[in-house]
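Listed below, chain by chain, are the residues.
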Amino acid sequence: QEALSELLSGKDSSLGRALEEILGSDAELFEVGAAVTIPGAAPQVTHSDTRHTPLPNLVTAFVALHKVEQAMGPTRFLLKTNTAAAHTKLARNGVATNGMMATLLGETRAKPPPEASKLSPAFDCVASLLDAADVAVYDASLLHSGGANRSDRTRILLHVTFRRMIDGQALPVKHG
């Protein structure tokens, strides 16, 4: 708890300031965990953690516990996919943007989300190559995926997710 407090509110915590600016000062801790990718792990399918909402509802920070290099399968973020227009466009093409096999826009079957490389012609894609203690912050409705770990080292990212509160009430999380 002390380490998390230091990460978010230490005297030079740009992460705490960023989360407050995005979600407000009363944001609530929603989830803490670690994403662990062992050598030889396959890439994730491209997904978002939640559906799009008009205001960012959940914001996640990945904290690198060590240097993350290309061979370790860094997280790839598809820029500007946390919008209603992007989610609608992908849903019309049968892509379940929430990472689940949900039906969207009245379709009976949704195709599994493709890898980021197959979506990158439609959306700019950025790999999150991080040094130890670097942080990547993103709206949970942004499409992203962890890459294949082709290195001989395990990739570990601490992830901390906060939820927007309005008048002391948490906004609902729309997983699908």
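Above this text is the structure in question.
Remember, predicted model here, so these are calculated numbers, not experimental data.

Undergrad: Before we go on, may I ask you to explain the environment of Phe62 in this structure?
TA: Mapped onto the elements of the fold, Phe62 is located in strand β2 (residues 58-64). By relative accessible area, which is 9% here, Phe62 ends up buried. On a C-alpha basis, the gap between Phe62 and Ala34 in space is 8.7 Å, while along the polypeptide they are 28 residues apart. Residues contacting Phe62, with those up to four places away along its chain left out, are Thr75, Phe77, Asp134, Val135, Ala136, Tyr138, Leu157, Leu158 and His159.

Undergrad: Is there a simple way to explain the sheet that holds strand β3 (residues 75-78) in this structure?
TA: Backbone-to-backbone hydrogen bonds join strands into a sheet, with any given pair of strands oriented parallel or antiparallel. Spatial ordering of the open sheet is given by β4-β3-β6, a layout of three strands whose pairing is antiparallel. The strands lining the two open edges of the sheet, one partner per strand, are β4 (125-127) and β6 (144-146). Within the sheet, the average angular offset between the axes of one strand and its neighbour, ignoring direction, is 20°. In the sheet, β3 pairs with β6 via three bridges, with the strands oriented antiparallel. Bridge pairing in β6 links Thr75 to Gly146.

Undergrad: Explain the environment of Met165 to me, please; I cannot follow it from the model alone.
TA: As for its position among the elements, Met165 is in strand β8 (residues 165-166). Measuring from C-alpha to C-alpha, the distance between Met165 and Leu23 comes to 7.7 Å, with 142 residues separating the pair along the chain. Setting aside its immediate chain neighbours within four residues, Met165 contacts Asp26, Ala27, Glu28 and Ala170.

Rules behind the numbers
Residues numbered from 1 in each chain as written. Predicted model: local features only at pLDDT ≥ 70, side-chain atom pairs only at ≥ 80, totals over all residues. Heavy atoms only, no water. Helix = DSSP H or I, 4+ residues; strand = E, 2+ residues; numbered from the N terminus. Buried < 20%, exposed > 50% of the residue type's maximum accessible area, 1.4 Å probe, protein only. Contact = heavy atoms within 4.5 Å. Pairing = 2+ DSSP bridges. Axes fitted to C-alpha atoms, helices over the stretch in contact; angles between N-to-C directions.

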